[in-house]
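These are the residues of each chain, in order.
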Amino acid sequence: MSWVGRRLPRYEDPVLLRGDGRYVADLARGARAMRFVRSPVASGRILSVKAPPGAIVITAADLAAVKPICPRLLRPDFVPIAQPVLARDRVRHVGEAIAAVIADSAAAAEDIAEQVEIEIAPETPVVSLDQALAPGAPLVHGDAANNTVIDTGLDAGDVDTAFASAHRVVEFTFTSRRQSAMPLEARAALAVFDTSSGRITLSVSAQSPHLIRTGIADALAMPENELRVIAPDVGGGFGQKVPLIPEHIVAVWAARRYRCAVAWIEDRLENLTAAFHARDQRIALRGAFAADGKLLALDADIQCNIGAYSNSPVTCAVEPLMAMSELPGPYAVGAYRVRSRGITTNTCPMAPYRGVSRPVITSAMERLMDTAASRLGLDPLAVRRRNLISSFPYASVTGIVHDAGSYREAMDTAAETLDIAAFRKRQQSARAEGRYLGLGFSVFAERTGYGTPTFSLRKMEVTVGFERVEVAMDPSGFVEARIGASPHGQGLKTTLAQLLADEIGVAPDRIRIVSGDTDRTPYGFGTFASRSAVVAGGACKLAGIQLRDRLKEVAAQELEAAASDIDIADGRALVRGTDLAVPVPELARAAYHQSHRFPTIVDTGLSAVATYDPAGTFSNACHAAIVEIDTATGKVSLERFVIVEDAGILINPTIVEGQIHGGVAQGIANALYEQIVYDDSGNILTGSLADYLVPTLSEIPDLEIHHLETVTDASITGVKGVGEGGAIGAPGAVLNAVVDALSPFGVEVFEMPITPQRILQLLRESRSRTT
Amino acid sequence: MKPAAFRYFAPRTVEEALDLLAEHGDDGKILAGGQSLVPAMNFRLARPASLIDINRIAALDYLREEAGALRIGALARHARFERPVASGALGPFLPRVAHQIAHLPIRVRGTFAGSLAHADPASEWCVVAATLDAELVAESRRGTRNLRPDEYFTGALTTALEPDELLTEIRLPLLGDQWRSGFAEFSRRAGDYALAMCAAFLRIEQGRIVEARIGLGGAADRPARIAAAERLLIGSDGGDDAKRAAGDAAAQAIEPLVDVQADAEYRRDLVRAMVNRAVAQACG
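(A) Summary view of the overall build of chain B. Looking only at helices and strands, one finds ten helices and 14 strands in chain B. Computed over C-alpha atoms, the radius of gyration of chain B comes to 19 Å, within 12% of the 19 Å expected from 2.2 N^0.38 for 284 residues, which places it in the range of a compact globule. Each of the three principal axes of chain B carries a C-alpha extent, and together these read 55 × 45 × 30 Å. Contacts spanning at least 24 positions in sequence make up 63% of the contacts within chain B whose residues lie at least 6 apart.

Next up, the structure:
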């Protein structure tokens, strides 16, 4: 029986549940504490930085030789913007690091940080898209005219003709307010200088240790082999922990300079103000529809507030480019024109956050479908059905190829599960009692598991994408697989062990996955973009096959049979059709200690290396929500939430469902709760968890998940990525349900989060329209 | 997120605590449950030079009925109120309120008196004290004062307590079984600070409200009874019109707090809704 498909408990869990996990802060005991002094103003010139006498305070002056962080896209419509590791002449956002204090304890470092005197001549900041784009607005970076760092677009098919011939044009501007990825563990770095080797070991709460090693080595002009980067247990990342950050560089610099161990453990206030944000976007969307609901053309103007700096290596263009290329989503549209811009402002920089723009564009498109249905007098699901891609492979008007999926089937399954007719009856009778229920759907397709063939289209100076895996069996018959991916909560060590177990023929508990240590693992790009199960998984499959073949050669000799007649399963090699068998540990022992007998594998031993670099595969899902709205308070309660997803073959359904649970919770948070609020001076008003409203178990309903399984050859394992999907699909379903609930009042919603206060405002506006 | 340095004292008796307050009160703070103070210290928004921890003063840990009041000692934790602790109308009322306070770990540590000393406008117990015209007992080496809510609450997070005074006891007047109660609050998430809340006590005779206490919290800088709403309810049947009128009166009576979650208009909306619901509960 295959190990793939089983709901194995996660190997990662016992340690974490016992409290035996090792996070950076656990490793940092005894290290000196580093504390950053951060800018209290959004924009201004630094006049002076004065340290209290006797304290160790690092400033930009100390780091004159350190290169700024300046990731690039190799395309003419991109303006690179440089981020000094510590602010040098000016500050560009509240929370920007200006100085670093090193002291014996975190409390002492905080005391000293308070005494560092910083004089800044404040200047007028630009905080919002409107402020940044206003004529004559102050420039955040001199190089970026109009505060625009990327201004790009696509024009495919005959958009103008389609709009001219449209039965109805539906248009609105959809706004997504700024959010934080909010990992449970904030960021952290521990840099330890080794006096004997002169090397630095940097333990870091991160998703991409190899990229971080390269970035730090570049910044400090040091050989990469003098730096070991370890991602130990990591308490969530969601994209926020992909980029290289100034704090990493300063930690390594300080550990080398002072030949000691230095730890920076970010607190929540820092994380909410200075770690990356996401999703501050506005999309002016127009859809040309035929009378039958067919979407003839799509025209979009996308503006993304990218904050004060870029992020390395994917750059601040990641949101505008993703939004531009993926906006049509699961819908077949013959003509698509888009302009997409990244606008720099005096706010915290942006980084990828679970879904990267797709939660926003999916919500906008799903609002478009519902709004078109309402304008055309059609059923919302019928409009979707009319437009969903249904024959595969499908090449979009912009050249994106969708491998097979179940776009319609997922929606139909969700509709059946919810019994729409029964719901409509219940909705009617509830309205009679003054209760407002609403049902909303959201359909999406998500490109996942893509390697350099797709990433290279973005023209990043660092083209990420492949993953390499090194597999070796030791003389006891146990397996170690070293991966370049860097899981941080996904359960990847369990899923990859399951995959490898099937290929090698031993139980998964005999397979140890090693990740997150640049001294121990092959160069890889880490875990993000719904890629690891597909890409690292594909590499595991390829390496596992090689290792199995080597075991077969050993077995062939031991059993005096042809290798092609041998199967390895359940921990032993068996000559097919006989009872001749030998346990795998005996083969392993022989391969090492009788190696002279196995000349064909002497070069490799029982090890294999494989790389996988696919173009990508689309997973898809339909999310559906039932909400109830209290029209006296504006409160939205979720009564039911259904997800029908298709991620191809599920290696471990429980783990897949866990990914969906977390993503949907974040999606509901995006739709209803979470919002980073700046005032006009660029101060964050939501700097604690009392104000930045992360929903709790009380706000998230039970989630009902149904699986469909479309297997395509776009991924050699048949697996599609699923890490981000929950966050992508959920907000649109919630927003559509809110609009459905408020339909007696004619309220439409084109923003997220939709807060209770906003709902009452919209209801008030609607009443004043009708009276 | 580490507090500034402070001196720590752990007195065993009220007298010792009052001595310490007399000595350090100006730049000192009482630590009871610490559920507001400690986070504020970690943010360095509060920087007491001395912390006087009263948790070892066993004599302050009590709840008892005496002379027509529920007497609440300074160390009675929120969680004590999750089950009925008082006779009469407060019996079912206090647990209903207690369950709305933050989350269980906070209720296990935080104290009733600590909430009153902290005087957060969104504190449930502050509203209860205001609505019931509780008596607040403040002790110092100079003597004992009994304060009434309208003189005690002087603004958001400020009270009439002097730096050398310890709030040792709160006396909630017991209400007879003929009183009916209601409590409604609105917060964005379960356990959050309320954006508005209302406590309602009504005495109803032959279908008419003959006495009313309506208290509001979370909506203005301090908790208070809303006389205008009470007047509108007295003599009415507590029906939809009366509830709506009382809600409107309450919404007009306050100077609304404005913050990231709620502007003035929305706060007034919430006040209307909470008054309506608390009264409906009391009438129901």
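(B) Highlighting the sheet that holds strand E3 (residues 50-53) of chain B. All names here are of chain B. Ordered in space as E1-E3-E2, the three strands form an open sheet in which the pairing is parallel. Two strands in the sheet have a free side with no partner beyond their single neighbour: strand E1 (7-9) and strand E2 (28-31). This sheet shows a mean twist of 25 degrees between the axes of neighbouring strands, independent of strand direction. Direction of pairing for E2 relative to E3: parallel, over a ladder of four bridges. Residue Gly28 lies in a different strand from E3, and its bridge partner there is Ser50.

(C) How the structure looks around the pairing of strand E27 (residues 607-612) of chain A. Residues and elements named next belong to chain A. Burial along E27 is one-sided: Ala608, Ala610 and Tyr612 are buried, while Ser607, Val609 and Thr611, pointing the other way, are not. Pairing of strand E21 (residues 467-473) with E27 involves six bridges; the strand directions are antiparallel. Following the sheet pairing, Val469 is matched in E27 by Ala610.

(D) Molecular detail of the interface of chain A and chain B. Taken together, the 21 residues of chain A in the interface contact 16 residues of chain B. At the level of elements, helix H3 (106-115) and helix H20 (756-770) of chain A are the ones that each hand at least two residues to the side of chain A that touches chain B. Of all the elements, H3 of chain A adds the most residues to the side of chain A that touches chain B, at four residues. Residue composition of the side of chain A that touches chain B, grouped by class: eleven nonpolar, five polar and five charged.

(E) Up close: the sheet that holds strand E30 (residues 703-708) of chain A. Residues and elements named next belong to chain A. Taken together, four strands build an open sheet; the order of strands is E20-E28-E29-E30 and the sheet is mixed. In this open sheet, the two edge strands, each paired with only one partner strand, are strand E20 (436-448) and E30. Going across the sheet, the axis of each strand differs from the next one's by a mean of 20 degrees, ignoring polarity. Looking at chain direction, strand E28 (residues 617-630) and strand E29 (residues 635-646) are connected through eleven bridges and run antiparallel. Residue Asn620 lies in a different strand from E29, and its bridge partner there is Asp646.

(F) Region of the structure containing the confidence of the model for chain B. Scored by pLDDT, chain B comes out at a mean of 97, with 100% of its residues at no less than 70. Here the predicted complex scores 0.97 on pTM and 0.96 on ipTM.

(G) Structural context of the environment of Ala278 of chain A. All names here are of chain A. With respect to the helices and strands, the residue Ala278 is situated in strand E14 (residues 277-278). As for Ala278 and Gln179, which are separated by 99 residues in sequence, their C-alpha atoms are 5.3 Å apart. The contacts of Ala278, once residues within four sequence positions are left out, are Gln179, Ala181, Met350, Ala351 and Tyr353.

(H) Structural detail: the packing of helix H10 (residues 358-376) of chain A against helix H19 (residues 725-741) of chain A. All names here are of chain A. Running from N to C, H10 and H19 cross one another at 35 degrees; their axes reach a closest spacing of 8 Å. Of the two elements, H10 crosses H19, and the hand of that crossing is right-handed. Contacts between H10 and H19 involve Arg358, Pro359, Thr362, Ser363, Glu366, Arg367 and Asp370 from the former and Ala727, Ile728, Gly729, Pro731, Gly732, Leu735, Asn736 and Val739 from the latter.

(I) Local environment of unusual backbone geometry. In this structure, Pro393 of chain A follows Phe392 of chain A across a cis peptide bond, with omega equal to -10 degrees. Between Met752 of chain A and Pro753 of chain A the backbone carries a cis peptide bond, its omega angle lying at 0 degrees. Secondary-structure assignment places Pro753 of chain A in the loop between strand E31 (751-752) and H20. Positive phi values are uncommon outside glycine, yet Glu560 of chain A reaches one of about 50 degrees. One non-glycine residue, Ala119 of chain B, lies in the positive phi region at around 60 degrees. With respect to the helices and strands, the residue Ala119 of chain B is situated in the loop between helix H5 (112-118) and helix H6 (124-131). On the basis of neighbour count, Ala119 of chain B is assigned to the buried category, with 22 C-beta atoms found within 10 Å.

(J) Structural detail: the packing of helix H16 (residues 532-559) of chain A against helix H17 (residues 584-593) of chain A. All names here are of chain A. Remark: H16 packs on H17, axes separated minimally by 10 Å, with the N-to-C direction vectors making an angle of 95 degrees. On the basis of the axis angle, H16 is roughly perpendicular to H17. On the side of H16, the interface is formed by Leu551, Val554, Ala555 and Glu558, while H17 contributes Val584, Leu587, Ala590 and Ala591. Residues that form the contact of H16 with H17 fall into these classes: seven nonpolar, no polar and one charged.

(K) Expanded view of the pairing of strand E7 (residues 143-147) of chain B. Where strand E6 (residues 135-140) of chain B lies against E7 of chain B, five bridges are found, and the strand directions are antiparallel. Pairing of Val137 of chain B across the sheet is with Asn146 of chain B, part of E7 of chain B.

(L) A look at helix H1 (residues 14-24) of chain B. Residues and elements named next belong to chain B. Looking only at H1, the buried set comprises Ala17, Leu18, Leu20 and Leu21. Along H1, the residues classed as buried sweep out an arc of 160 degrees about the axis, all on the same side. On its buried side, H1 packs onto E1, E2, E3, E6 and strand E10 (166-173).

(M) Looking closely at helix H18 (residues 653-673) of chain A. Compared with the 30 Å implied by 1.5 Å per residue over 21 residues, the 29 Å span of H18 of chain A between its first and last C-alpha is a close match. With 15 of its 21 residues buried, H18 of chain A lies for the most part within the structure.

What counts and what doesn't
Residues numbered from 1 in each chain as written. Chains lettered and ligands numbered in written order. Predicted model: local features only at pLDDT ≥ 70, side-chain atom pairs only at ≥ 80, totals over all residues. Helix = DSSP H or I, 4+ residues; strand = E, 2+ residues; numbered from the N terminus. Rg over C-alpha atoms; globule rule 2.2 N^0.38 Å. Contact = placed C-beta atoms within 7 Å. Pairing = 2+ DSSP bridges. Axes fitted to C-alpha atoms, helices over the stretch in contact; angles between N-to-C directions. Buried ≥ 20, exposed ≤ 12 C-beta atoms within 10 Å, placed from the backbone. Nonpolar A, V, L, I, M, F, W, Y, C, P; charged D, E, K, R; others polar. pLDDT = per-residue confidence, 0-100. Left-handed = near helix turned anticlockwise from the far one by under 90°. Parallel < 35°, antiparallel > 145°, perpendicular 65-115°, else oblique. Arc of directions from axis to C-beta. Expected span 1.5 Å × (residues − 1).

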